[in-house]
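Spelled out, the chains give:
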Amino acid sequence: MPRRATRYWLMKSEPDVFSFDDLMAAKGRRTMWDGVRNYQARNFMRDDMAVGDGVLFYHSNAKPPGVAGFAEVVREAYPDPTALDPKDPHFDPKSDPEDPRWMLVDIAGVESAPNLVSLEDLKANPKLSEMAVVQRGSRLSVQPVTADEWKVVRKMAGL
DNA sequence: GCCAACGTTGGC
DNA sequence: GCCAACGTTGGC
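Residues numbered from 1 in each chain as written. Chains lettered and ligands numbered in written order. Predicted model: local features only at pLDDT ≥ 70, side-chain atom pairs only at ≥ 80, totals over all residues. Heavy atoms only, no water.

**A closer look at helix H2 (residues 39-48)**
Burial in H2 covers these residues: Ala-41, Arg-42, Phe-44 and Met-45. Down the axis of H2, the buried set is contained in an arc of 155°. They therefore lie on one face. Among the structural elements, strand E1 (8-13), strand E4 (66-79), strand E5 (103-118) and strand E6 (142-145) are those in contact with the buried residues of H2. For H2, the N-terminal capping position is held by Asn-38, with its side-chain oxygen 3.0 Å away from the main-chain nitrogen of Gln-40. (Buried < 20%, exposed > 50% of the residue type's maximum accessible area, 1.4 Å probe, protein only. Helix = DSSP H or I, 4+ residues; strand = E, 2+ residues; numbered from the N terminus. Arc of directions from axis to C-beta. Contact = heavy atoms within 4.5 Å. Polar contact = N/O pair within 3.5 Å; in protein donor to acceptor, adjacent residues only side chain to side chain.)

In structure tokens form, the structure reads like this:
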């Protein structure tokens, strides 16, 4: 028995930087979700994510933007090493190695969306009107998704 | 490339 | 603690 119900998330990545295909091509189809420097996004990863949670992998700053694939959380939160490495572009001098400010999870790719679900498609579906990603000015890079929304998006993707 | 929306910073 | 200035996000 799972300790709690599976939760669902949407995580944004710029495909020019790291695409869903990059994730599927990575060793073990896994990656550290590093570089998040927003407290709300960090709190979701640190406090609310568990192994097995579902992840909508969203391409931002893309043509078109949208959900490119499905992933899952494979390691619970731990300190983001890029925040503690002075040579890393995501280095944060204010993060204390004894009490790291930034946390991340590992995710693994599960399956590509047979049809990319574009932002336009998401906005056009009345069932998804409450989703954070379709709200105007929504910039949060890690967002909770309901189980119903997850099912709807999977269906729209052709799964 | 533009710019609206948003989060963070820092002076006071 | 307020809030103006600034930097970033991300759709268009």
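**With respect to the packing of aromatic side chains**
On inspection of all chains with the given rule, the structure shows 7 aromatic pairs. Note on Trp-9 and Phe-44: the rings are 5.5 Å apart at their centroids and 55° apart in plane angle, and the pair reads as tilted. With Trp-9 in strand E1 and Phe-44 in helix H2, the pair connects residues that are 35 residues apart, well separated along the chain. Judged on exposure class, the residue Trp-9 and its partner Phe-44 are both buried. Three or more aromatic residues link up through ring pairs in this structure, and these residues are Phe-18, Phe-20, Trp-33 and Phe-57. Geometry around Phe-70 places Arg-154 over its ring, the cationic atom sitting 5.1 Å from the centre. (Phe/Tyr/Trp six-rings, centres within 6.5 Å; stacked < 30°, edge-to-face > 60°. Lys NZ or Arg CZ within 6 Å of the ring centre and 35° of its normal.)

**Regarding the pairing of E4**
As paired strands, strand E3 (residues 54-59) and E4 are joined by 6 bridges and run antiparallel to one another. Bridge assignment links Phe-57 to a residue of E4, and that residue is Gly-69. Inspection of the sheet shows E4 paired to E5 by 10 bridges, in the antiparallel sense. Following the sheet pairing, Phe-70 is matched in E5 by Glu-111. (Pairing = 2+ DSSP bridges.)

**Some thoughts on the environment of Ser-129**
Within the fold, Ser-129 resides in the loop between helix H3 (119-124) and E6. Once residues within four sequence positions are removed from consideration, Ser-129 is found in contact with Val-134 and Gln-135. Of note is the side chain of Ser-129, whose polar atom sits 3.2 Å from the backbone oxygen of Pro-126.

**Quick word on the protein's contact with DNA strand B**
Near DNA strand B, the surroundings consist of Asn-38, Tyr-39, Lys-94, Arg-136, Gly-137 and Arg-139. Put simply, 70% of the atoms of DNA strand B that lie within 4 Å of the protein are in sugar or phosphate. Side-chain polar atom of Lys-94 to a phosphate oxygen of DNA strand B: 3.1 Å apart, as the coordinates give it. Residue composition of the surface near DNA strand B, grouped by class: 1 nonpolar, 2 polar and 3 charged. (Near = heavy atom within 4 Å. Nonpolar A, V, L, I, M, F, W, Y, C, P; charged D, E, K, R; others polar.)

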